[in-house]
Amino acid sequence: GAVVSQHPSWVICKSGTSVKIECRSLDFQATTMFWYRQFPKQSLMLMATSNEGSKATYEQGVEKDKFLINHASLTLSTLTVTSAHPEDSSFYICSAARGDYGYTFGSGTRLTVV
Amino acid sequence: SQQGEEDPQALSIQEGENATMNCSYKTSINNLQWYRQNSGRGLVHLILIRSNEREKHSGRLRVTLDTSKKSSSLLITASRAADTASYFCATDGQKLVFGQGTRLTINP
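What counts, and at which threshold
- Residues numbered from 1 in each chain as written.
- Chains lettered and ligands numbered in written order.
- Predicted model: local features only at pLDDT ≥ 70, side-chain atom pairs only at ≥ 80, totals over all residues.
- Heavy atoms only, no water.
- Helix = DSSP H or I, 4+ residues; strand = E, 2+ residues; numbered from the N terminus.
- Buried < 20%, exposed > 50% of the residue type's maximum accessible area, 1.4 Å probe, protein only.
- Contact = heavy atoms within 4.5 Å.
- Areas by Shrake-Rupley, 256 points an atom, 1.4 Å probe, with all protein chains shown as cover.
- Buried area = accessible area lost by both parts, 1.4 Å probe.
- Salt bridge = Lys/Arg side-chain N within 4 Å of Asp/Glu carboxyl O.
- Polar contact = N/O pair within 3.5 Å; in protein donor to acceptor, adjacent residues only side chain to side chain.
- Pairing = 2+ DSSP bridges.
- Axes fitted to C-alpha atoms, helices over the stretch in contact; angles between N-to-C directions.
- Phe/Tyr/Trp six-rings, centres within 6.5 Å; stacked < 30°, edge-to-face > 60°.

> Could you give an account of the overall build of chain B, naming the residues involved and the relevant values?
If you tally the helices and strands in chain B, you get 0 helices and 11 strands. Traced from its N-terminal end to its C-terminal end, chain B shows the element sequence β-β-β-β-β-β-β-β-β-β-β. A principal-axis box enclosing the C-alpha atoms of chain B has dimensions of 40 × 25 × 20 Å. The buried share of chain B, taken over its 108 residues, is 46%. Taking all contacts inside chain B whose residues are at least 6 apart in sequence as the whole, residues at least 24 apart take part in 54%. Carbon together with sulfur atoms contributes 42% to the accessible area of chain B, which is approximately 5200 Å² in total.

So, in structure tokens, the structure goes:
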């Protein structure tokens, strides 16, 4: 079945540094991918919609200069958290739409900023 | 803002019992989907029900959709310890928006 691979699964970084998270569709092409953020015991909040070959669409309240999204190919989207701070610590999840099969999600990335 | 609201927020039952979770949403939808999330993991797609469908089954799962009430329910029959997880409904209009989720605990 369709698989979305997300790396890394966890990362610890120092405050002020940048972190890149990759999301790859392994056996299908994903023209659109989505990035979510999830705080402990809370739901997934859509951050942005990533479209191949064009600029990402950000949800209200999400800083596009802080959360850089690049979707350079039909199988890869990346989220870069720039100048990370402790409040950016969260669980980040990507997903890709698969038409009638719903959405396939990556396994998530646990980001801890110290 | 969240589109779906699950009810209850937490549910604890004995193994073998049935678990029912409800979801209400606000706007028109193309379809509604249910997902499961084990702690600290990604989401697993369980079932999708289209806006013109009223009921759908998949194994031990039964999903209903009432578009007039803008609500859906997920029934898990004969629950198992492995069903312990958080369950989310998500509505798919122009984008997938998740509810708050129900944390289901199956006690052995």
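> Outline the interface of chain B and chain A, supporting the account with residue identities and numerical values.
With 19 residues of chain B in contact, the opposing surface of chain A contributes 19 residues. Here chain B packs against chain A, burying approximately 1500 Å² in sum over the two surfaces, 52% of which is carbon and sulfur. Of all residues in chain B, L43, K95 and L96 of chain B give up the largest surface area on contact with chain A, accounting jointly for 27% of the area buried on that side. Inspection of the chain B/chain A interface yields 0 salt bridges. Our enumeration of links across chain B and chain A arrives at 4 residue pairs in polar contact (both at pLDDT 80 or more).

> For the sheet that holds strand β8 (residues 71–76) of chain B, give the residues involved together with the corresponding values.
All names here are of chain B. Taken in spatial order, the 5 strands of this open sheet run β1-β3-β8-β7-β6, and their pairing is antiparallel. Each edge of the open sheet is held by one strand with a lone partner, namely β1 (5–7) and β6 (55–58). Going across the sheet, the axis of each strand differs from the next one's by a mean of 15°, ignoring polarity. In this sheet, β8 lies alongside strand β7 (residues 61–66) in antiparallel orientation, the contact comprising 6 bridges. Bridge pairing in β8 places R62 opposite L75.

> Quick rundown of the packing of aromatic side chains? Include the residues and the values.
Under the definition given, this model contains 8 aromatic pairs over all chains. Ring centres of F34 of chain A and Y103 of chain A lie 5.5 Å apart, and the angle between their planes is 65°; on these two criteria the pair is classed as edge-to-face. Of this pair, F34 of chain A sits in strand β4 (residues 32–38) while Y103 of chain A sits in strand β10 (residues 103–105); the two residues are 69 residues apart in sequence, bridging distant segments of the chain. In terms of burial, F34 of chain A and Y103 of chain A fall into one category: buried. Arranged with centres 5.8 Å apart and planes meeting at 70°, the rings of F105 of chain A and F98 of chain B form a pair that is edge-to-face. Residue F105 of chain A is found in strand β10, and its partner F98 of chain B is found in strand β10 (residues 96–98); the two belong to separate chains. An aromatic cluster of at least three residues, connected via ring pairs, comprises Y36 and F105 of chain A together with Y35, F88 and F98 of chain B.

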